[in-house]
2 protein chains.
Amino acid sequence: MTLSSYEAAGVSVERGDQFVARLKHLVKRPGHDKLKAGAGGYAAVYPLTEARWIALTTDGVGTKVLVAHQFGQHHGIGIDLVAMCANDLICVGATPTLFLDYYATGTLNVEMGLALMEGIAAGCDQADMLLVGGETAEMPNVYEGDHYDLAGFAVGDLSPENLITGTTIRPGQRVVGVASSGIHSNGLSLARKLLTEESDLRLLLEPTRIYVRPVLSVLKRHGAAVHGLAHITGGGLRNLFRLNPDVGFDLTHPLPLLPVFEKMLALGLPVEEGFKTFNMGMGLAIIVDESQAQAVADDLAAAGFPAHVVGEVTDARGQVRLPAYSITVTHSTP
Amino acid sequence: MTLSSYEAAGVSVERGDQFVARLKHLVKRPGHDKLKAGAGGYAAVYPLTEARWIALTTDGVGTKVLVAHQFGQHHGIGIDLVAMCANDLICVGATPTLFLDYYATGTLNVEMGLALMEGIAAGCDQADMLLVGGETAEMPNVYEGDHYDLAGFAVGDLSPENLITGTTIRPGQRVVGVASSGIHSNGLSLARKLLTEESDLRLLLEPTRIYVRPVLSVLKRHGAAVHGLAHITGGGLRNLFRLNPDVGFDLTHPLPLLPVFEKMLALGLPVEEGFKTFNMGMGLAIIVDESQAQAVADDLAAAGFPAHVVGEVTDARGQVRLPAYSITVTHSTP
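The structure reproduced in this document is the subject of the present report. Remember, predicted model here, so these are calculated numbers, not experimental data.

**With respect to the sheet that holds strand β1 (residues 44-47) of chain A**
Residue and element names in this part refer to chain A.
- Pairing is mixed across the open sheet formed by five strands, whose spatial order is β1-β2-β5-β3-β4. Each having just a single partner strand, β1 and β4 (130-138) make up the two edges of the open sheet. Mean inter-strand twist for the sheet, computed between neighbouring axes without regard to direction, equals 20°.
- Taken together, the eight bridges between strand β2 (residues 53-60) and strand β5 (residues 148-158) define a ladder with antiparallel strand orientation. Its bridge partner being in β5, T57 is matched across the sheet by A154.

As structure tokens, this is what we get:
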């Protein structure tokens, strides 16, 4: 195992998967059958009434908090927090509406906290969510000094007819890739091991792109043709299999690598590990009928979100082929 | 400033209040006028439709995580996490329904994590909530080893006619106090400074009592007579002023102190500081019409939740008088 793997950076995807598998059994209770299965498990979908469903999700920003702290740049990570949640909600077809934050720190640094909260408020503006609550906790001895962690919680509105399940994904459908703004907020523990120069570490700070507005617009115009949306988070391209494990993907025209990823490859990150951990330039993938794929990509680009048709769904179960890099990312961790 | 104050323990209520005050201005956005004012700000109340409202809250368990870690007792703190959120939701009149957790740790300890999650699931059972989602994050360098932090997010159902605002609280109404099970999950940083013997520290581990079922039953039977509910969290009796800052309270018959509080008083905790930081034996206060107060207390006791009429609402604005201890807890931090 080399330095360039996520495991070696102290984060174990396998350990996490094992935990989650045992958890599922544990937390299952009467009443769970009320939940609706949204694509990829990106959000829990709960029917308040037959006609009125809500989607809920929670997420954090990982060790990006350490980079933010190192450079004293806290506004962007507030945006990241909202982005991680809002981009998950849209993957099940929900419209993000409400957000709450949890901010825990050793000793409250008021100015730092306000910069964070301004970022969260700015993210909520971008995602058209209301920031309706939050908790600020001083926890000396858990966090060192004014170090902190953040958790976000988001609720979205979902009409039953808009639920995206991923079950209609079929070979021949196209994959529209939407450009990321950078590393977003996943894989930071590995990235921080690879990048040591200050100028490189600064690349990590770029806030996560929030896809809410252009995606809701795409769903409004082309909803019937959209079969799945995958927010490319930790696990990289393996997120595609969250939508549907029974198909494969040929990504013959991937989005260009951003400088932060080129840098990591140059520093020894194996390309396959890169695509299994990071978004590598594609922050969101949309599975669309062939007939509408170009129109969807054009709409996104017109809205200022670079996107193009990056490939198609295949019957090569559990495989994402990237011929340009001569690699195949498989479903199960090798 | 002595060791026995919360400030000296590294947690500043004033700093927190200052932060929250500046925050309110910051996060206010168009759309916030849609929110309904629930008593004490215990939860955000959002109208999905005119007839269907939801209440939302988030909370953590503070530095109780350190005590749990020290003794390797993680089940109870899962219950605490749910309790802190669920007990807040009922204060605005909501029925808790859905829960999500955020669990961040340096290196995932699968067995520890499962014990935690079992506790969370048990808490959700007690509160009749569904655990619908969560996030588990490995964050080396933010958390040391398998140390961790937890955040909870809870959603409740609320019919508009059930909203409790605290605005109808008037002098003469009674205060029904409901016994706590221990320190619950607030003031732990101070308690951990005071208590050093292992047997004393173990007292801190007792999980927070979850008041959901008996309170919902009280609201069903005596709802029209209930004017406010205060979950006694950080800030101790000052939580009463969250309901209504224009009145005072005479607590002539307080609930008995539990051993954990007696111990801290014996170790030098000033009694006033105790009532300003801890629940001191009363985990929930219910403001009720005089005519129904005894019936409410009896119902709670019959359900296995020790409770009695501890006092009444007065016109002594901003003062909680405790004649048995010859102290007065005031609204503003002295």
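The rest of the description comes next.
**Observations regarding the sheet that holds strand β10 (residues 307-314) of chain A**
Residues and elements named next belong to chain A.
- Read across the sheet, seven strands follow the order β7-β9-β6-β10-β8-β11-β12 without closing on themselves; strand pairing throughout is mixed. Looking at strand neighbours, the two that pair on one side only are β7 (226-231) and β12 (327-330), the edges of this open sheet. Within this sheet the neighbouring strands show an average axis-to-axis angle of 25°, counted without direction.
- The pairing of strand β8 (residues 248-250) with strand β11 (residues 319-322) spans two bridges and is classified as parallel. Following the sheet pairing, D250 is matched in β11 by R321.
- Against the sheet, helix α11 (residues 290-302) engages β6 (174-179), β9 (282-288) and β10, with an angle of about 10° to β6.

**A closer look at the packing of helix α1 (residues 13-27) of chain A against helix α4 (residues 110-126) of chain B**
- At a minimum axis distance of 10 Å, the contact between α1 of chain A and α4 of chain B shows a crossing angle of 30°. With respect to their mutual orientation, α1 of chain A and α4 of chain B come out roughly parallel. As α1 of chain A packs across α4 of chain B, the resulting crossing turns out to be right-handed. Between α1 of chain A and α4 of chain B, the residues in contact are R15, Q18, F19, R22, L23 and L26 of chain A and V110, E111, G113, L114, M117 and E118 of chain B, respectively.
- Classifying every residue of the contact of α1 of chain A with α4 of chain B gives six nonpolar, two polar and four charged.

**Observations regarding unusual backbone geometry**
All names here are of chain B.
- Although it is not a glycine, N141 sits at a positive phi angle of roughly 80°.
- Considering the arrangement of structural elements, one finds N141 in the loop between β4 (130-138) and β5 (148-158).
- Accessibility expressed as a relative area gives 61% for N141, which makes it exposed.
- Unusually for a residue other than glycine, S326 sits at a positive phi of about 50°.
- The residue S326 is located in the loop between β11 (319-322) and β12 (327-330) in this model.
- Overall, S326 belongs to the exposed group, its relative accessible area being 68%.

**Some details on the relation of the copies chain B and chain A**
- With an RMSD of 0.0 Å, the fit of chain B onto chain A corresponds to turning through 180° and sliding 0.0 Å along the axis. Overall, the copies show the geometry of a two-fold rotation axis.
- When the interface residues of chain B are mapped onto chain A, 100% of them are again interface residues, pointing to one common binding face.

**Concerning the interface of chain B and chain A**
- Facing 71 residues of chain B, the contacting portion of chain A comprises 72 residues.
- Interface of chain B and chain A: buried area, both sides summed, is about 5,700 Å²; carbon and sulfur atoms make up 71% of it.
- Linking chain B to chain A there are four salt bridges.
- In this structure, the salt-bridge partner of E111 of chain B is R22 of chain A, at a minimum N-O distance of 3.0 Å.
- Our enumeration of links across chain B and chain A arrives at eleven residue pairs in polar contact (both at pLDDT 80 or more).
- The element that contributes the greatest number of residues to the side of chain B that touches chain A is α4 of chain B, accounting for nine residues.
- Split into classes, the residues belonging to the side of chain B that touches chain A amount to 38 nonpolar, 19 polar and 14 charged.

**Observations regarding the pattern of salt bridges**
Residue and element names in this part refer to chain A.
- Summed over the entire model, instances satisfying the criterion amount to 24 salt bridges over all chains.
- In this structure, the salt-bridge partner of D128 is R213, at a minimum N-O distance of 2.8 Å. Of this pair, D128 sits in the loop between α4 (110-126) and β4 while R213 sits in helix α7 (residues 212-222), and the two are 85 residues apart along the sequence.
- For D128, a relative accessible area of 46% corresponds to the partly exposed category.
- In this structure R213 comes out as partly exposed when scored by relative accessible area, which is 46%.

**Some details on helix α2 (residues 64-71) of chain A**
Residues and elements named next belong to chain A.
- Here α2 lies mainly inside the structure; seven of its eight residues are buried.
- In this structure, the buried side of α2 is in contact with α3 (75-89), α4, β5, α5 (188-194) and α6 (198-203).
- One or two positions beyond α2, positive phi appears at G72, with a value near 65°.

Cut-offs and rules
All residue numbers here refer to positions counted from 1 along the written sequence of the relevant chain. Each chain takes a letter, starting from A, and each ligand takes a number, starting from 1, following the order in which they are written. This being a predicted model, a pLDDT of at least 70 is required before a residue's local features are given, and a value of 80 or more before pairs of side-chain atoms are given or counted; all residues contribute to the totals for chains, interfaces and linings. Hydrogens and waters are ignored; side-chain quantities use all the structure's heavy atoms. Following DSSP output, two strands are said to pair if at least two bridges run between them. Working definition: helices are DSSP H or I runs of at least four residues, strands are E runs of at least two. Numbering for both runs from the N terminus. Where helices are involved, their axes are fitted lines through C-alpha atoms of the stretch in contact, as for all axes, and angles between N-to-C directions lie from 0 to 180°. Should any heavy atoms of two residues lie within 4.5 Å, those residues are counted as being in contact. Put simply, angles under 35 degrees are roughly parallel, angles over 145 are roughly antiparallel, angles from 65 to 115 are roughly perpendicular, and the rest are oblique. Working rule for handedness: look at the near helix, and if it is turned counterclockwise from the far one by less than a right angle, call the crossing left-handed; if clockwise, right-handed. Think of it as three bins: nonpolar holds Ala, Val, Leu, Ile, Met, Phe, Trp, Tyr, Cys and Pro, charged holds Asp, Glu, Lys and Arg, and polar takes everything else, Gly as well. Each residue is assigned to one of three classes by its accessible area relative to the maximum for its type, calculated with a 1.4 Å probe on protein chains only: buried under 20%, partly exposed between the two thresholds, exposed over 50%. Copy-to-copy superposition: least squares on the C-alpha atoms, limited to residues that have pLDDT of at least 70 in both copies. Put simply, buried area is how much 1.4 Å-probe accessible surface two parts lose in total, over both of them, once they are put together. Here a salt bridge means any side-chain nitrogen of Lys or Arg lying within 4 Å of a carboxyl oxygen belonging to Asp or Glu. Pairs of N or O atoms are called polar contacts if they sit within 3.5 Å, as long as, within protein, a hydrogen donor faces a hydrogen acceptor (for residues adjacent in sequence, only side-chain-to-side-chain pairs).

In short, shape yes, function no, at least from these values alone.
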